[in-house]
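As a plain string of letters, each chain reads:
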Amino acid sequence: MLNYFQSLGASSLSVLERLGRGSIFFANILLSIPSVLIRPRLLFSQMYSVGVLSFSLIVISGLFVGMVLALQGFYTLSDFGAEGMLGVMVAASLVRELGPVVAALLFAGRAGSALTAEIGLMKATEQLSGMEMMAVDPVARIVTPRFLAGLISMPILATIFSAIGIIGGYFIGVGLLGIDEGGYWSQMQAKIDFNMDIINGLIKSVVFGWVVTWIAVFEGYDAIPTSDGVSRATTRTVVHSAFAILALDFILTALMFGDI
Amino acid sequence: MNDLTDDSTLIKVRDVHFSRGNKLIFDGVDMDIQRGKVTAIMGPSGTGKTTLLKLIGGQLRPSKGSVEIDGSNIHNIRHKELYQLRKKMGMLFQSGALLTDITVFDNVAFPLREHTNLPESMIRSLVLMKLQAVGLRGAFNLMPSELSGGMARRVALARAISLDPMMIMYDEPFTGQDPISMGVLVQLIRLLNDALSLTSIVVSHDVRETCAIADFVYLVSDGKVVGSGTPEELAESESEWAQQFLLGMPDGPVPFHYSAQPYVQDLIEH
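(A) Just the overall build of chain B, in detail. In terms of regular secondary structure, chain B is built from 10 helices and 10 strands. For 270 residues, the compact-globule estimate of 2.2 N^0.38 gives 18 Å, and the C-alpha radius of gyration of chain B, at 20 Å, lies within 12% of that figure. For chain B, the C-alpha atoms occupy an extent of roughly 70 × 40 × 40 Å along the three principal directions. Sequence separation of 24 or more characterises 64% of the internal contacts of chain B that already satisfy a separation of 6 or more.

Take a look at the structure:
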């Protein structure tokens, strides 16, 4: 029994310690943001590998999620003769929830894991240490551009995901199931609120972008510099990001839409 | 222990203690590194020679003691000053530590582009000069993955001298090299030291190669300096430890067997 408490205490302490180190690391990232902003080239090249290279994954997934939403929604709505609301249902689900959440989960798997592996391997091959000895701060040179690229890319990717999903829903709803095209768009236009739906969805994706990229760069930087250590860190990035996204989604949803 | 405190000493390591977890790595190390000389730090694997370089470079902090470089205590200065000082220090890592996503040329140009505002034409000339010095001007366009181990180390050496440092630290430069690239590196370390008026610290356990170019040698074992002197003095030293290490004898002050309970007891116990 005593052992149980002891190990519980030890693991809580190590979680707190990691959280503390992660926060200090995040503070260092914030402090080095000005040095990245004067060299935007570093940021642009990272936006390409973090954002642009995730584009096709986001487009294809968004299309399928929108199509499935339209199929599932149609059968439920048509029971009530409300299939004209399909556009609203697809758009609201995507913009408020599925766009930010699914795009962030995909982003964690595609870009987050790559960031952790890249930074972890740079650490394992002494590239980060080498940079320090060349008087180049690896946080400012390597980590911060990647963090900012993730933070900026995530809302853009989530927006693209939702937009493509709505088009996917259109193909199925209007093209396959034969609902009225004008109704699909006009109902959506009438019911989707800019502040309530679109801005709140964007806020979610910014928060998810922040948490996923923070976890990814910290796990890479903090990885044990061996092949096993980097592989564990990469796994942790995906698992912790998924937990963080879903938990934060619940909290944000409760705050944004809880009083409706 | 020579305790020179005049200007000829570039680095003063005083009573440095360092532990990793519960393992004591250094238990009071004192060293003086003379300007313009090649100083070797030798000892068996696992004695923390690389750790010592990291302590000198300010990447690790000793639990006690101090490291003074060119008059400033490297662990007491501000972050900015430390980075200023590091611009004058080159370090050659065992793996080369080249940035793998850019070419040889860009690797050597990296410190110049980070720390100077020189025009690209001048950077090109400087990089080609440094690459010429290590014999790899023709390889400027290759990626690090296309280099052999010896070539990677020479490129890293060109990068380490790109800002014309006052000192350079070599971490196990000869490990895993074929005889030709080993010979090239041995010669380069001495040549560059003399031609560029550098101060070199070579951490190694390759006795023959290191003694051939070192002006002064420190032998480190069990967290302490166990011998020091010129290679000739050490060769003639009567210290059992120096003899064991320099002649590569399997047993001696550094025992062949890792510490364990008595053999017989281990065998009959189960």
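(B) Local environment of the overall build of chain A. Check the secondary structure of chain A and you find 10 helices and zero strands. When the helices and strands of chain A are placed in sequence order, the string is α-α-α-α-α-α-α-α-α-α. Considered along the principal axes of its C-alpha atoms, chain A spans approximately 65 × 55 × 30 Å. A total of 260 residues make up chain A; the buried ones form 44% of that total. Pairs at least 24 apart in sequence give 87% of the contacts found in chain A among residues at least 6 apart.

(C) Fine view of the packing of helix α3 (residues 104–115) of chain B against helix α5 (residues 149–160) of chain B. All names here are of chain B. Running from amino to carboxyl end, α3 crosses α5 at an angle of 30°, the nearest separation of the two axes being 8 Å. Of the possible angle classes, the one that applies to α3 and α5 is roughly parallel. Crossing of α3 over α5 shows right-handed handedness. Contacts between α3 and α5 involve V104, N107, V108, F110 and P111 on the former and, on the latter, V155, A158 and R159. Considered class by class, the residues forming the contact of α3 with α5 number six nonpolar, one polar and one charged.

(D) Main features of the nonpolar core. If you look at the biggest cluster of nonpolar residues, it comprises 131 residues, and the most contacted ones within it are A:A104 and B:M169. Here this core takes 19 residues from helix α5 (residues 86–124) of chain A, the largest share from any one element.

(E) Spotlight on the environment of B:P62. Residues and elements named next belong to chain B. Tracing the backbone shows P62 in the loop between α1 (49–56) and β4 (64–69). Each C-alpha atom of the pair P62 and H75 lies 8.3 Å from the other, and the pair is 13 residues apart in sequence. Setting aside chain neighbours within four positions, we find P62 in contact with V16, H17, F18, L55 and H75.

(F) Structural view of the sheet that holds strand β5 (residues 72–73) of chain B. Residues and elements named next belong to chain B. The strand order across the open sheet formed by four strands is β2-β1-β4-β5, and the pairing between neighbours is antiparallel. At either end of the open sheet lies a strand with only one pairing partner, and these are β2 (23–34) and β5. Relative to β5, β4 is paired through two bridges, and the arrangement is antiparallel. Of the residues in β5, the one forming a bridge with I69 is S72. Packing against the sheet, α1 makes contact with β1 (9–20), β2 and β4, and its axis sits at approximately 120° to β1.

(G) Region of interest: the pairing of strand β9 (residues 216–221) of chain B. Residues and elements named next belong to chain B. Buried residues dominate β9, accounting for five of its six residues. Across five bridges, β9 lies against strand β10 (residues 224–229) in antiparallel orientation. For Y218, the partnering residue across the bridge sits in β10 and is S228. Hairpin connection between β9 and β10: a loop of two residues separates the two successive antiparallel strands, and D222 in this loop has a positive phi of roughly 55°.

(H) Spatial organisation of the interface of chain A and chain B. Of the residues lining the interface, 10 residues belong to chain A; the matching set on chain B comes to 14 residues. Each residue belonging to the side of chain A that touches chain B can be placed in one class, and the counts come to four nonpolar, four polar and two charged.

(I) Region of the structure containing the sheet that holds β10(B). Residues and elements named next belong to chain B. Ordered in space as β6-β7-β8-β3-β9-β10, the six strands form an open sheet in which the pairing is mixed. On the outer flanks of this sheet lie β6 (89–92) and β10, each paired with one strand and no other. For this sheet, the mean angle separating the axes of adjacent strands, direction not counted, is 15°. The pairing of strand β3 (residues 38–42) with strand β8 (residues 199–204) spans five bridges and is classified as parallel. Directly across from T39, in β8, lies its bridge partner I201. Sheet strands in contact with helix α9 (residues 240–247) are β3, β9 and β10, and its direction is about 100° off that of β9.

The rules behind each value
- Residues numbered from 1 in each chain as written.
- Chains lettered and ligands numbered in written order.
- Predicted model: local features only at pLDDT ≥ 70, side-chain atom pairs only at ≥ 80, totals over all residues.
- Helix = DSSP H or I, 4+ residues; strand = E, 2+ residues; numbered from the N terminus.
- Rg over C-alpha atoms; globule rule 2.2 N^0.38 Å.
- Contact = placed C-beta atoms within 7 Å.
- Buried ≥ 20, exposed ≤ 12 C-beta atoms within 10 Å, placed from the backbone.
- Axes fitted to C-alpha atoms, helices over the stretch in contact; angles between N-to-C directions.
- Parallel < 35°, antiparallel > 145°, perpendicular 65-115°, else oblique.
- Left-handed = near helix turned anticlockwise from the far one by under 90°.
- Nonpolar A, V, L, I, M, F, W, Y, C, P; charged D, E, K, R; others polar.
- Core = buried A, V, L, I, M, F, W, Y, C linked by C-beta atoms within 7 Å.
- Pairing = 2+ DSSP bridges.

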